[in-house]
Amino acid sequence: ATPMMQGIIDLHHDIVFFMILIIVFVLWMITRTLYHFHYKKNPIPEKIIHGTAIEIAWTVTPSLILVLIAVPSFALLYSLDEVVDPAVTIKAIGHQWYWSYEYSDYSQSDDQSITFDSYMIPDDDLELGQLRLLEVDNRMVVPANTHLRLIITAADVLHSWAVPSLGAKCDAVPGRLNQIPVFIKREGVFYGQCSELCGANHAFMPILVEA
Ligand code: CUA
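Values in this document were obtained by computation on a predicted structure and should not be read as measured data.

S.K.: Just give me the short version of the layout of surface pockets, but keep the residues and values in it.
M.R.: Considered as a void within the structure, the largest pocket measures approximately 520 Å³ in volume. Lining the largest pocket are 17 residues, and of these Phe25, Trp28, Met29, Ile54 and Trp58 sit closest to its centre. Secondary-structure elements contributing two or more residues to the lining of the largest pocket are α1 (3–36) and α2 (52–79). Top element by residues in the lining of the largest pocket is α1. It accounts for 10 residues. Looking at side-chain class alone, the lining of the largest pocket contains 13 nonpolar, three polar and one charged residues. When its volume is computed, the second largest pocket comes out at roughly 240 Å³. Pro3, Met4, Glu82, Pro181 and Phe183 are, among the 16 residues lining the second largest pocket, the residues nearest its centre. Counting residues per element, the ones that place at least two in the lining of the second largest pocket are α1, α2, β5 (147–154) and β8 (178–183). Take the lining of the second largest pocket: its biggest share by element is three residues, from β8. A class-by-class count of the residues in the lining of the second largest pocket yields 12 nonpolar, three polar and one charged.

This is the structure in structure tokens:
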């Protein structure tokens with residue numbers, strides 16, 4: 001997993017911990033209520049309509065839980081903005097309906113930065129072992145174990161550059177540059193898809209990262 005993915009998994013564990021506490025407590029309350037307030041066991045309802053102590057408790061406790069969840073949540077949120085001295089910067093541009101990539105750190109002999117388009121391989125052209133709707137003609141190739149900076153934008157309408165196993169999802173907005181840090185811990189091929197409804201071929205502009 002990438003460090004960002006690890007952060008997302010850790011936050012998930014933090015929140016599930018509180019979720020289990022709440023589920024167990026609520027189920028216990030429901031069970032006891034059904035038992036003690038059964039009409040045979042308790043035919044005459046209580047006259048109590050107010051209780052200051054319990055009302056403070058059931059207001060303050062959930063707020064405290066929210067604060068406890070907010071701490072790791074904000075820590076993760078702000079860590080997503082941090083770009084640690086990247087060795088490579090790659091610009092991903094969403095188009096209707098394909099991605100193009102620009103490696104501006106490295107210029108070709110004519111001083112043009114390296115750019116290429118990345119189109120999905122249509123069903124008819126797939127080779128054995130290639131994944132339908134996920135394979136592309138030109139992959140985004142990056143080094144593993146290296147801090148990368150991704151600059152995401154779009155040429156026409158909104159798209160979204162999303163590779164779940166990298167913990168990466170970033171809107172591609174025309175006229176705007178969005179930045180995400182990526183660090184891939186091992187070599188491999190990582191699949192993603194456009195994740196903002198961008199028109200007829202929204203489902204057919206996959207992302208393929210090869211580390
Ligand atoms: Cu591009 Cu959806």
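S.K.: Which residues make up the environment of serine 118, and what values do they have?
M.R.: Relative to the assigned elements, serine 118 resides in strand β3 (residues 113–118). When the C-alpha positions of serine 118 and valine 136 are compared, they lie 6.0 Å apart, and in sequence the two are 18 residues distant. When neighbours within four sequence positions are excluded, serine 118 is seen to be in contact with Tyr98, Trp99, Ser100, Tyr101, Val136, Asp137 and Asn138. A distance of 2.7 Å separates a polar side-chain atom of serine 118 from the backbone oxygen of asparagine 138.

S.K.: Please give an account of a nonpolar patch on the surface that cites residues and values.
M.R.: A surface patch of nonpolar side chains, about 1,200 Å² in accessible area, is lined by Phe17, Met19, Leu21, Ile22, Ile23, Phe25, Val26, Leu27, Trp28, Met29, Ile30 and Leu34. By the secondary structure assignment, leucine 27 is in helix α1.

S.K.: Run through α1, naming residues and quoting values.
M.R.: The end-to-end C-alpha distance of α1, which contains 34 residues, comes to 50 Å, matching closely the 50 Å that a straight helix rising 1.5 Å per residue would cover. The set of residues buried in α1 consists of Met4, Met5, Leu11 and Phe18. For α1, the elements touching its buried residues are α2 and β8.

S.K.: So what about the packing of aromatic side chains? Which residues, and what values?
M.R.: Taken as a whole and assessed by the stated rule, the structure comprises six aromatic pairs. Aromatic side chains phenylalanine 25 and tryptophan 28 sit 6.2 Å apart centroid to centroid with 35° between the ring planes, which places their arrangement in the tilted category. One end of the pair, phenylalanine 25, and the other, tryptophan 28, are both in helix α1, three residues apart, so they sit about a helical turn from each other. Here tyrosine 101 and phenylalanine 116 contribute two aromatic rings whose centre-to-centre distance is 5.7 Å and whose plane-to-plane angle is 40°, an arrangement assigned as tilted. Placement of the pair is tyrosine 101 in strand β2 (residues 98–107) and phenylalanine 116 in strand β3, with a sequence separation of 15 residues. With respect to burial, tyrosine 101 and phenylalanine 116 carry one shared label: buried. Joined through ring pairs, the aromatic side chains of Tyr101, Tyr103 and Phe116 make up one cluster.

S.K.: Before we move on, can you summarise the side chain of histidine 95 with the specific residues and values?
M.R.: Tracing the chain through its elements places histidine 95 in strand β1 (residues 88–95). Reaching out from histidine 95, the side chain makes a polar contact with the side chain of serine 100 at a distance of 2.7 Å. Here histidine 95 is in contact with Ser100, Ala155, Asp156, His159 and Met205, once residues within four sequence places are set aside.

S.K.: Before we move on, can you summarise the pairing of β5 with the specific residues and values?
M.R.: β5 sits mainly inside the fold: six of its eight residues count as buried. For β1 and β5, the ladder comprises seven bridges, and the chain directions are parallel. Of the residues in β5, the one forming a bridge with isoleucine 93 is threonine 153. Sheet analysis places β5 next to β8, joined by six bridges and oriented antiparallel. Counterpart to leucine 150 in the pairing with β8 is isoleucine 180.

Conventions used here
Residues numbered from 1 in each chain as written. Predicted model: local features only at pLDDT ≥ 70, side-chain atom pairs only at ≥ 80, totals over all residues. Heavy atoms only, no water. 1 Å grid on protein atoms, 1.4 Å probe; cavity = no way out; pocket = protein on both sides within 12 Å on 5 of 7 lines; lining within 4 Å. Points joined across faces, edges and corners; volume = space filled by probe spheres on them. Helix = DSSP H or I, 4+ residues; strand = E, 2+ residues; numbered from the N terminus. Nonpolar A, V, L, I, M, F, W, Y, C, P; charged D, E, K, R; others polar. Contact = heavy atoms within 4.5 Å. Polar contact = N/O pair within 3.5 Å; in protein donor to acceptor, adjacent residues only side chain to side chain. Patch = residues over 30% accessible without salt bridge, like charges linked within 9 Å, V, L, I, M, F, W, Y side chains within 5 Å. Areas by Shrake-Rupley, 256 points an atom, 1.4 Å probe, with all protein chains shown as cover. Salt bridge = Lys/Arg side-chain N within 4 Å of Asp/Glu carboxyl O. Expected span 1.5 Å × (residues − 1). Buried < 20%, exposed > 50% of the residue type's maximum accessible area, 1.4 Å probe, protein only. Phe/Tyr/Trp six-rings, centres within 6.5 Å; stacked < 30°, edge-to-face > 60°. Pairing = 2+ DSSP bridges.

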